[in-house]
Amino acid sequence: MNVPVITLDGPSGVGKGTLTRKLAAALGWHFLDSGAIYRLLALAAERQGISPEDETALLKLAAELDIRFEECPRGDVEIFLNGEPVTQAIRADAIGAFASRIAVLAPVRDALLERQRQFRQAPGLVADGRDMGTVVFPEATLKIFLTATAEERAKRRANQLRAQNVSVNLEQIQRDIEARDLRDSSRTVAPLKPAADAIIVDTTGQGIDESFARLWPMVEAAI
Ligand code: C5P
């Protein structure tokens, strides 16, 4: 298959979701938010009272999972679980933490692999996650690995929450981010790490527009 893929991997809160959407919009390509797929499975499991350790039940659920992504103009997406819009519900921190617990299970990851690859549609795909360049699309045209300090990522998350009028505890947010980083990077299957041929971009101290301006020449050179 010759449909080009650009991968953006990195830890949570690094801005890869926003950058992925901006790149996809600028290119007129599709995008994949692979974390949303883990979050959808987590939400479905939580609603059914399935434990994040119950591999058998999770695999059954993954096989039956009825999910739909509707791309809207200007880079937005509406996400559905069994026909119900859950775009906001899957963003809850508790669902992110649940997702990161089920993401350590190799059979669960395998069960979600094909669903992710199905997003590779003409004219091209920009995919964000933890293992896009290493496992899901190892033959990607361009692989970018984004980093930023945990402190900076916690501040970004706190600002997002404040904008939604949610009261925040910055230290707690940073601890949660560090715990998630540790779980994502120390798991044995598909750990969070740059592919050998990825370009590493540190976005500490940079806004989205500055980061986009750094990435765009790499994209132009690669496609
Ligand atoms: O990116 P996001 O925070 O939405 O992802 C939620 C969780 O799903 C991550 O903490 C990670 O454990 C898991 N995940 C993963 N592989 C991906 C995307 C997400 O393991 N490609």
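Residues numbered from 1 in each chain as written. Predicted model: local features only at pLDDT ≥ 70, side-chain atom pairs only at ≥ 80, totals over all residues. Heavy atoms only, no water.

Novice: Teacher, can you tell me more about the packing of helix H2 (residues 34-47) against helix H3 (residues 55-64) here?
Specialist: Helix packing for two helices is described by the angle between their axes and how far apart those axes are. Closest axis-to-axis distance for the H2/H3 pair is 10 Å, and the angle between their directions is 120°. One finds that H2 runs oblique with respect to H3. For the element pair H2 and H3, the recorded crossing hand is right-handed. Counting all contacts with H2, which are made through Leu41, Ala44 and Ala45, the residues of H3 involved are Leu58, Leu61 and Ala62. Here the residues of the contact of H2 with H3 sort into 6 nonpolar, no polar and no charged. (Axes fitted to C-alpha atoms, helices over the stretch in contact; angles between N-to-C directions. Helix = DSSP H or I, 4+ residues; strand = E, 2+ residues; numbered from the N terminus. Parallel < 35°, antiparallel > 145°, perpendicular 65-115°, else oblique. Left-handed = near helix turned anticlockwise from the far one by under 90°. Contact = heavy atoms within 4.5 Å. Nonpolar A, V, L, I, M, F, W, Y, C, P; charged D, E, K, R; others polar.)

Novice: Any chance you could explain the nonpolar core here in plain terms?
Specialist: Nonpolar side chains in soluble globular proteins tend to end up buried together. Leu8, Phe69 and Phe137 are the most contacted members of the largest nonpolar core, which has 57 residues in total. With 9 residues, H2 is the largest single contributor of residues to this core. (Core = buried A, V, L, I, M, F, W, Y, C linked by side-chain atoms within 4.5 Å. Buried < 20%, exposed > 50% of the residue type's maximum accessible area, 1.4 Å probe, protein only.)

Novice: In this structure, what is going on with the site of the ligand? I would like to understand it.
Specialist: For the ligand, the set of nearby residues contains 16 residues, the closest of which are Arg39, Arg109, Arg130, Asp131 and Asp184. Arginine 109 has a polar side-chain atom sitting 2.7 Å from an oxygen atom of the ligand. The contact in question runs from an oxygen atom of the ligand to an N or O atom on the side chain of arginine 130, over 2.9 Å. Out of a free accessible area of 450 Å², the ligand has 96% covered by protein chains. Breaking the shell around the ligand down by element, the ones donating at least two residues are H2, helix H4 (93-102) and helix H8 (170-186). When residues of the shell around the ligand are assigned to their parent elements, the largest contribution, 4 residues, is made by H2. Here the shell around the ligand is composed, by residue class, of 4 nonpolar, 4 polar and 8 charged. (Near = heavy atom within 4 Å. Polar contact = N/O pair within 3.5 Å; in protein donor to acceptor, adjacent residues only side chain to side chain. Areas by Shrake-Rupley, 256 points an atom, 1.4 Å probe, with all protein chains shown as cover.)

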